[in-house]
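Geometric and topological summary
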Amino acid sequence: MKHGIYYAYWEHEWAADYCYYVDKAARLGFDVLEIGCGPLPDYTKEQTAELRRHCQDTGIILSGGYGPTPDHNISSKDPAVVKGAFEWYKRLFEKMGELDMHMLCGAIYSYWPVDFSKCDPKEVEWKRSVEAIKKLADMAAPYDITLGMETINRFENYLLNTSEECVRFVKDVDKPNVKVHLDTFHMNIEEDDIGAAIRHAGSLLGHLHTGESNRRVPGQGHLPWHEIGQALKDIHYDGMVVMEPFVQMGGQVGRDISIWRDLSKGASEEELDRDAANACAFQRYVLDWNK
């Protein structure tokens, strides 16, 4: 397995100096840094080259996460929005190719956070989204990019809430580069049995986010990590395991994630680093069945 962390653990906004966090992730013992893809289409060649150089120097692998804004909703019923969204993703895939990035995950089948007052019936949205992801998968394939369909709790999305729904969606899309993306935070809310949900995804599981029920780093909550590790072993999962903790109030990150109290307890950056490094070691111990 490759163990990673999402850059926004340290940030208050959905953009940052990713070179800084590449270097930090390497120092803390990670293999992967997951970055927010929103800014990437507007990167200059110089910015792209610098970021790739940092990855090459440190050995860090980049993966990409994105919660699409409403104007990047490829399953919108507005043709103008869909056209603009696909044009944006085309630019994104070009930049990901330059950066040697091969995973894009998140609620890319819809948008995030969702305005539930504007939803069509689920079966209508589902059909539009399946057709849109088929097209997006074909656009991503020349760059060897896998699309991870993140399964998100009912309070943040309506289309894919459980492993069962995500497996059915991925099978409806039926593209080799479209995979199930599970997240332990969301699974803790929606699944009857986390281990069974992972086993149900089986070979279709292409990406895994980790984090506690309280959004802290793995090991600082009550999730059944040994059960999760056993389920990953049972399905022979050997992909990326990227922790996605959110512990700080403030900024667009805090608002979108609904962090309304300081879960870090006033931690300095050095203390956040320490917690991340400890969580990386913990995660390798409890989840990495093929180490």
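What this report covers is the structure whose coordinates are included nearby.

The rules behind these values
Residues numbered from 1 in each chain as written. Predicted model: local features only at pLDDT ≥ 70, side-chain atom pairs only at ≥ 80, totals over all residues. Heavy atoms only, no water. Pairing = 2+ DSSP bridges. Helix = DSSP H or I, 4+ residues; strand = E, 2+ residues; numbered from the N terminus. Axes fitted to C-alpha atoms, helices over the stretch in contact; angles between N-to-C directions. Phe/Tyr/Trp six-rings, centres within 6.5 Å; stacked < 30°, edge-to-face > 60°. Buried < 20%, exposed > 50% of the residue type's maximum accessible area, 1.4 Å probe, protein only. Salt bridge = Lys/Arg side-chain N within 4 Å of Asp/Glu carboxyl O.

1. Things to note about the sheet that holds strand β8 (residues 240–243)
Spatial strand order, β1-β2-β3-β4-β5-β6-β7-β8: eight strands in a closed barrel with parallel pairing. Looking at each pair of strands side by side, their axes are set apart by 30° on average, direction ignored. The pairing of strand β5 (residues 146–150) with strand β6 (residues 178–183) spans four bridges and is parallel. The partner of glycine 148 across the bridge, within β6, is lysine 179.

2. Some thoughts on the packing of aromatic side chains
Tallied over the entire structure, the rule returns 17 aromatic pairs. Aromatic side chains tyrosine 7 and tyrosine 18 sit 5.1 Å apart centroid to centroid with 80° between the ring planes, which places their arrangement in the edge-to-face category. With a gap of 11 residues between them, tyrosine 7 in the loop between β1 (2–6) and α1 (18–27) and tyrosine 18 in helix α1 connect regions that are remote in the sequence. Judged by its relative accessible area of 0%, tyrosine 7 falls in the buried class. For tyrosine 18, a relative accessible area of 1% corresponds to the buried category. Measuring from ring centre to ring centre gives 4.9 Å for tyrosine 9 and tryptophan 10, while their planes differ by 70°; the resulting arrangement is edge-to-face. Exposure class is identical for tyrosine 9 and tryptophan 10. Each is buried. An aromatic cluster is present here, built from Tyr6, Tyr7, Tyr9, Trp10, Trp14, Tyr18, Tyr20, Tyr21, Trp112 and Phe246 joined pairwise through their rings.

3. A short note on the pattern of salt bridges
A full pass over the atoms with the stated rule returns 18 salt bridges. For arginine 154, the salt bridge is made with glutamate 190, and the minimal N-O distance between the two is 2.9 Å. With arginine 154 in the loop between β5 and α5 (163–173) and glutamate 190 in helix α6 (residues 184–190), this pair connects stretches of sequence that are 36 residues apart. Look at glutamate 190 and you get buried, because its relative accessible area is 14%. Overlapping salt bridges bring together Lys77, Asp120, Glu125 and Arg128 as one network.

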